[in-house]
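Chain by chain, the residues run as shown.
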Protein chains: 2
Amino acid sequence: MDERAALRQLAATLPYAGDDAAVVDDTAITTDMLHETTDFPAGTTRYTAGWRSVAASLSDLAAVGASPTAAVAAYADTAFDGETLSEFIDGAQAVCAAVDAEYVGGDLDTHSEFTIATTAIGAVDESVDRAGATPGNRVVVTGRFGRSAAALRYFEQEAFDTANDLFQFTPRVDTGRTLAGVATAMMDSSDGLARSLHQLAEASDCGFAINRAAVPVADALSEVADDREDRWEAAVHFGEDFELVATVPADAVADVRAASPTPLTEIGRVVADDEGVGVDGEPLADRGYTHA
Amino acid sequence: MDERAALRQLAATLPYAGDDAAVVDDTAITTDMLHETTDFPAGTTRYTAGWRSVAASLSDLAAVGASPTAAVAAYADTAFDGETLSEFIDGAQAVCAAVDAEYVGGDLDTHSEFTIATTAIGAVDESVDRAGATPGNRVVVTGRFGRSAAALRYFEQEAFDTANDLFQFTPRVDTGRTLAGVATAMMDSSDGLARSLHQLAEASDCGFAINRAAVPVADALSEVADDREDRWEAAVHFGEDFELVATVPADAVADVRAASPTPLTEIGRVVADDEGVGVDGEPLADRGYTHA
């Protein structure tokens, strides 16, 4: 059983699971585990690791329209060093401060591999799930895709400062809140834009017609991509980008774009289920980067 | 730097860290990581792993007097199997149901070792920390010590049913709430009764005079202990028991004992800082089981 099959089983068993964050009463809660082999390439600073791992959970809260209040992390390493632990905390605190949440510490564990498990909680007024996209709605996304794919290439080239900067992303909390009263469905793009669209389509029983030219791609990716196809592949399938992907009624697009603190781009529209998920009339593969 | 030194550094850096759970506004939050090598002996069922790992976080909430509302877990394994994942969820749900909380799922991760990170949140009215014990207060504890030490011996003897039963402990949530308005200091005994008393003494600037005969020891431990000294060592220093250790004003002891759903035993009293932590007039070593 792979992670996706196991996640489907979880979602079937647990009434609150399956979306980016669970909502219990007025509180949203989400947890994520990251570890060295698959999530922190050589050259990732502990500051970046602290920022990014906590940011991943904050992004899940943004994706349901919650306002983060606090985050914790369980920090496991083969041994403890005061300086790297401090750097991690500094990064975790910085990203929490960026979204007005408190980083309140957590647990330490000695482990065979550097492993971080983060949890964030937030207040929810109107939560958004993945199941309400309706034909005619428009698809909007925050920011630009491909930052993390570009970061990986910079890590490979040992351009560590640039790579670390790209790896520290801002969770789209403000825009998540802006979209909370308006969006018919929403999630974050951590598995890639392509997989996100397929997951929204499955949850909402709809299809998507995406305009390739409208999909915003990170400048950093354009600089390192081999060619146009490589750039598209990395932007849409690689994932790990944590932008919001939402559907909104067509007549609400102008208002939410004006109200959103982060630029929102309209990239297509919701179509009927039997039309599938397509880009410029061609099917978009339900394929992300398979994280080992 | 060992875990204890690293934890001290964390506590110095983070205003909310250092106690069993952080309290932000009216919400308590706590996280814990457990993994196979150190926390789940051979023979531990996935049901027990689910129960115990979530229970560890619920116990931290009990220790600050919070009422748990929800728990999540990040579940990492070398591969996923539907049946073992279901058993884990069943155990996690069962212990949440026992304390009226919701188990709401979490994250899955492929990892080199079976590793669980749990987080629990709860509502707090009056939270209790470790810093208010005052000479003259009495020391009360829930339940009996040595269940986990006994469980380990049953695991070694491959008496897996008994071992798993002993490993599934009930977080002392009800009694934590009972003590919340009364206790001057409180924590759980996960590092052992001896270490807990030393941690309370350090946080409260006090000493303790403990009556050895009054310390309640689990029947299961009496059955497997070699002799009286082995039994005492395992009950007081081994840890992993998750009972509450609290200090209460002398004139409140009778009332809280009557009100507590779990039996509360008075085991000694708070004395002045310069008297240290002693049992029957002899110093009690600040020594727990060092978890590798």
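Conventions we followed
Within every chain, residues take consecutive numbers counted from 1 along the sequence as written. Think of it this way: whatever chain is written first is A, whatever ligand is written first is 1, and the rest follow in order. Where totals are concerned, whole chains, interfaces and linings use all residues; where local detail is concerned, this predicted model gives features only for residues with pLDDT of at least 70, and gives and counts side-chain atom pairs only at 80 or more. Think of the side-chain values as coming from all heavy atoms in the structure, minus any hydrogens and water. UniProt positions are given in the numbering used here, feature names are shortened, and annotations may be inferred rather than shown by experiment. The numbering of helices and of strands both runs from the N terminus, where a helix is a DSSP run of H or I of at least 4 residues and a strand a run of E of at least 2. In this description, contact between two residues means that some pair of their heavy atoms is separated by no more than 4.5 Å. Only residues with pLDDT of at least 70 in both copies contribute their C-alpha atoms to the least-squares superposition of the copies. Note on exposure labels: buried denotes an accessible area under 20% of the residue type's maximum, exposed denotes more than 50%, and partly exposed covers the range between, all computed with a 1.4 Å probe on protein chains only. We call two N or O atoms a polar contact when they sit within 3.5 Å, provided that within protein one can donate a hydrogen and the other can accept it, with sequence-adjacent residues counted only if both atoms are side-chain atoms. Strands qualify as paired when DSSP identifies two bridges or more between them. Lines fitted to C-alpha atoms define the axes here, with helix axes fitted over just the stretch in contact, and angles between the N-to-C directions of these axes take values from 0 to 180 degrees. Buried surface area refers to the total accessible area, computed with a probe of radius 1.4 Å, that the two partners give up upon joining, counted for both partners together. Whenever a carboxyl oxygen of Asp or Glu lies within 4 Å of a side-chain nitrogen of Lys or Arg, that contact is scored as a salt bridge. Only the six-membered ring of Trp is used, alongside the rings of Phe and Tyr, when aromatic pairs are assigned; centres must lie within 6.5 Å, and planes under 30 degrees apart are stacked while those over 60 apart are edge-to-face, with the rest tilted. Charge over a ring is defined by NZ of Lys or CZ of Arg lying within 6 Å of the ring centre and within 35 degrees of the ring normal.

Chain A goes by Thiamine-monophosphate kinase in an unreviewed UniProt entry, where it is assigned to Halonotius pteroides. One UniProt comment on chain A, placed under Catalytic activity (unreviewed entry), says "thiamine phosphate + ATP = thiamine diphosphate + ADP". According to the UniProt record, the Pathway (unreviewed entry) comment for chain A reads "Cofactor biosynthesis; thiamine diphosphate biosynthesis; thiamine diphosphate from thiamine phosphate: step 1/1."

Chemist: Which residues make up the side chain of His 111 of chain B, and what values go with them?
Modeler: Relative to the helices and strands, His 111 of chain B resides in the loop between β4 (102-110) and β5 (115-123). Filtering out sequence-adjacent residues up to four positions away, His 111 of chain B remains in contact with Met 33, His 35, His 111, Glu 113 and Thr 115 of chain A together with Ala 76, Asp 77 and Thr 78 of chain B.

Chemist: So what about the relation of the copies chain B and chain A? Which residues, and what values?
Modeler: Expressed as a screw operation, the relation of chain B to chain A combines 0.0 Å of axial shift with a rotation of 180°, fitting to an RMSD of 0.0 Å. Such a combination of rotation and displacement between the chain copies is what one expects of a two-fold axis. Using C-alpha coordinates, one finds that chain B approaches the rotation axis most closely at Ala 117 of chain B, a distance of 3.1 Å. A shared binding surface is used by both copies, with 100% of the interface residues of chain B retained as interface residues in chain A.

Chemist: Outline helix α10 (residues 228-236) of chain B, listing residues and values.
Modeler: Residue and element names in this part refer to chain B. Looking only at α10, the buried set comprises Asp 230, Trp 232, Ala 234, Ala 235 and Val 236. Tucked into the core, α10 has its buried residues touching α5 (147-156), α8 (193-204), α9 (219-224) and β11 (277-279). Residue Asp 227 occupies the N-cap position of α10, its side-chain oxygen lying 3.1 Å from the main-chain nitrogen of Glu 229.

Chemist: Mind laying out unusual backbone geometry, listing which residues take part and the relevant values?
Modeler: Unlike most non-glycine residues, Glu 240 of chain A shows phi in positive territory, near 65°. Looking at the secondary structure, you find Glu 240 of chain A in the loop between α10 (228-236) and β9 (244-248).

Chemist: Please provide a residue-by-residue account of the sheet that holds strand β5 (residues 115-123) of chain A, values included.
Modeler: Residues and elements named next belong to chain A. Here 5 strands make up an open sheet; going across it, the order is β1-β2-β5-β3-β4 and the pairing mixed. The sheet is open, and its two edges are formed by β1 (22-24) and β4 (102-110), each paired on a single side. Between one strand axis and the next, the sheet turns through 20° on average, direction left out of account. Relative to strand β2 (residues 27-35), β1 runs antiparallel, the two being bridged by 3 bridges. Looking at the pairing, Ala 22 lines up with Ile 29 of β2.

Chemist: So what about the UniProt feature "binding site: Mg(2+) 3" (unreviewed entry) in chain A? Which residues, and what values?
Modeler: Residue and element names in this part refer to chain A. Under the UniProt annotation, "binding site: Mg(2+) 3" (unreviewed entry) lies at Asp 20, Asp 60 and Asp 188. In summary, the annotated positions, though distributed over 169 residues, converge in three dimensions, the widest C-alpha pair being only 7.5 Å. Mapping Asp 20 onto the fold places it in the loop between α1 (3-13) and β1. Among residues more than four places away in sequence, those in contact with Asp 20 are Thr 30, Asp 60, Ala 63, Val 64, Arg 130, Met 186, Met 187 and Asp 188. Mapped onto the elements of the fold, Asp 188 is located in strand β7 (residues 185-188). For Asp 188, the side chain forms a polar contact with the side chain of Ser 59, separated by 2.7 Å.

Chemist: If you had to explain the interface of chain B and chain A to someone new, which residues and values would you point to?
Modeler: Between chain B and chain A, the residue contacts involve 48 residues of the former and 48 residues of the latter. Both sides of the chain B and chain A interface together cover about 4400 Å² of buried area, and 67% of this is carbon and sulfur. On the chain B side of the interface with chain A, the three residues burying the most area are Thr 31, Met 33 and Val 104 of chain B, jointly 14% of the side's total. Put simply, chain B and chain A have 0 salt bridges between them. Here chain B is connected to chain A by 9 residue pairs in polar contact (both at pLDDT 80 or more). With 9 residues, β4 of chain B is the largest single contributor of residues to the side of chain B that touches chain A.

Chemist: If you had to explain the packing of aromatic side chains to someone new, which residues and values would you point to?
Modeler: For the structure shown, the criterion picks out 16 aromatic pairs over all chains. A network of ring pairs unites the aromatic residues Phe 40, Tyr 75, Phe 80, Phe 88 and Phe 114 of chain A as a single cluster. A cation over an aromatic ring shows up here: Arg 46 of chain B above the ring of Phe 114 of chain B, its NZ or CZ 3.5 Å from the ring centre. Between Arg 52 of chain B and the ring centre of Phe 167 of chain B, over which it is positioned, the NZ or CZ distance is 3.7 Å.

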